[in-house]
Amino acid sequence: MRHGKRWLLAAAALLAAVAAVLALRRGPAPTPDPALFLDRHWQRPLPPQGSPPAAFTALEASLDPAACGQCHASQYADWRSSLHSRSMTAGILWQLRLLPQAEANQCLDCHAPLAEQKALLAREHGWAGAPAEPPPAYVPADLGHAGLTCAGCHVRRHQRFGPPPRPGVDPDRAPHGGFTVSAAFEDSRFCAACHQFPADGPRTAGKLREDTYEQWRASDFAARGVSCQSCHMPERRHLWRGVHTPEMVAAALTPALTVDAGEVRARLTNSGAGHHFPTYMVPKVYAQLVLIDAGGERVLTERVIGWQVDVSLQHEAFDTRLAPGASVELAAPLPTDAGPSARAELRVLVAPREHYERTFQAVLDQADKLDRRTLELLQQAYDEARASRYEALRLSVPLDPGLETDR
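**Details of the pairing of strand β2 (residues 159-162)**
Two faces make up the sheet, and in a regular strand the side chains alternate between them.
So, point 1. What you see with β2 is no split at all: Q159 and F161 on one side and R160 and G162 on the other are buried throughout.
So, point 2. Where strand β1 (residues 155-156) lies against β2, two bridges are found, and the strand directions are antiparallel. Residue pairing for β2: V155 is matched across the bridge by R160.
So, point 3. Here β1 hands over to β2 after two residues, with R157 in that stretch at a positive phi of 50°.
So, point 4. The pairing of β2 with strand β3 (residues 179-181) spans three bridges and is parallel. Counterpart to R160 in the pairing with β3 is F179.

What follows is the structure in structure tokens.
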């Protein structure tokens, strides 16, 4: 038996996939119905790709995102800048060194979903059923750390899948045997595969820990046909920007700032996000009213926007997330000693990984129980989480009564 076939069989056994998925023939054509297509496309765990078609070149057969980038250069460049390409960095790598294999594979279903990625990680961590030999040529050795790759969404059994083509593109005449067209790629349910827990999924205070798709479904964005892809993949770009970027936060929020009758007031409205702002428990957003005068800066008041859950994920402290269309207001009296040239500012500060910061710190406090490599990865994850904080927007108004600034 050839080396590549042995490795493939071992990967299939690792995932308990049925033997039929290893056959060279392709399965039945996916149904055009998006819901039925997605049930098949996002089955868990994903089956191995199988041996590449004999007519494929090495470039066509490769699961390496860089191979896709040879022809899809702009999509590859966008993907490399996205969080999807970094879903297997230190923040999860340290955890894989401690988690039982079954729990680790649940994480990998979204962070590194390909069967070939799981097989590589099983070899790396010495998990049960790991292939004994290196992977075949079409599986790059570093694929396990590549995150959510091109193939994770677009390739099943070496067949390509994608959205309806742009004018002038014939999907049957495209390279690598063409591609199967499905409207599911423009449907929010495609994203729900990883961004929505099922109804029986893990909860805190009765709330699903990942509930973005249902938040969207309850909003007027769904009624207006504004899909996840409309905001997070504009013009089909593979960017997936979100709360980690100032531009997306600024697009989500409409701020207003007023000084009148000895009081400074501000309002932030979730006008641009089709789900809660922020959607998960991980980020925290800090809205501050600040007075600036010749004596320096003073924070007059602050509101925290987010879902505060303890590191055990068992207890909720507060949930101040903004549903679509909802607002938060801040107000504070002006200090009597404010100088004539003073001004008030509304500042929005974002900690995209605040929950992770607390979680990682709690584990770092037990550093004596960790091996050196796990501790290195954990410290790196904590440092990266802290470094992700930024200021999203700032609004300023002088202390003249009646003046209002908004955007």
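Here the narrative resumes, following the displayed structure.
**So, the state of the cysteines**
So, point 1. Per the counting criterion, the structure on display carries one disulfide.
So, point 2. Each disulfide pairs two cysteine sulfurs, and for C110 the partner residue is C194, the sulfurs being separated by 2.4 Å. On the sign convention where negative means left-handed, the S-S torsion of about -105° between C110 and C194 marks this disulfide as left-handed. On the criterion of sequence distance, the pair formed by C110 in helix α7 (residues 101-111) and C194 in helix α10 (residues 188-195) is long-range, its members being 84 residues apart.
So, point 3. Using a relative accessible area of 23% as the deciding quantity, one classes C110 as partly exposed.
So, point 4. For C194, a relative accessible area of 18% translates into the label buried.
So, point 5. The thiol of C71 is not disulfide-bonded; the next cysteine sulfur, from C68, is found 9.0 Å away.

Calculation notes
Residues numbered from 1 in each chain as written. Predicted model: local features only at pLDDT ≥ 70, side-chain atom pairs only at ≥ 80, totals over all residues. Heavy atoms only, no water. Buried < 20%, exposed > 50% of the residue type's maximum accessible area, 1.4 Å probe, protein only. Helix = DSSP H or I, 4+ residues; strand = E, 2+ residues; numbered from the N terminus. Pairing = 2+ DSSP bridges. Disulfide = S-S within 2.5 Å.

Don't take any of this as a statement about function, it's just geometry.
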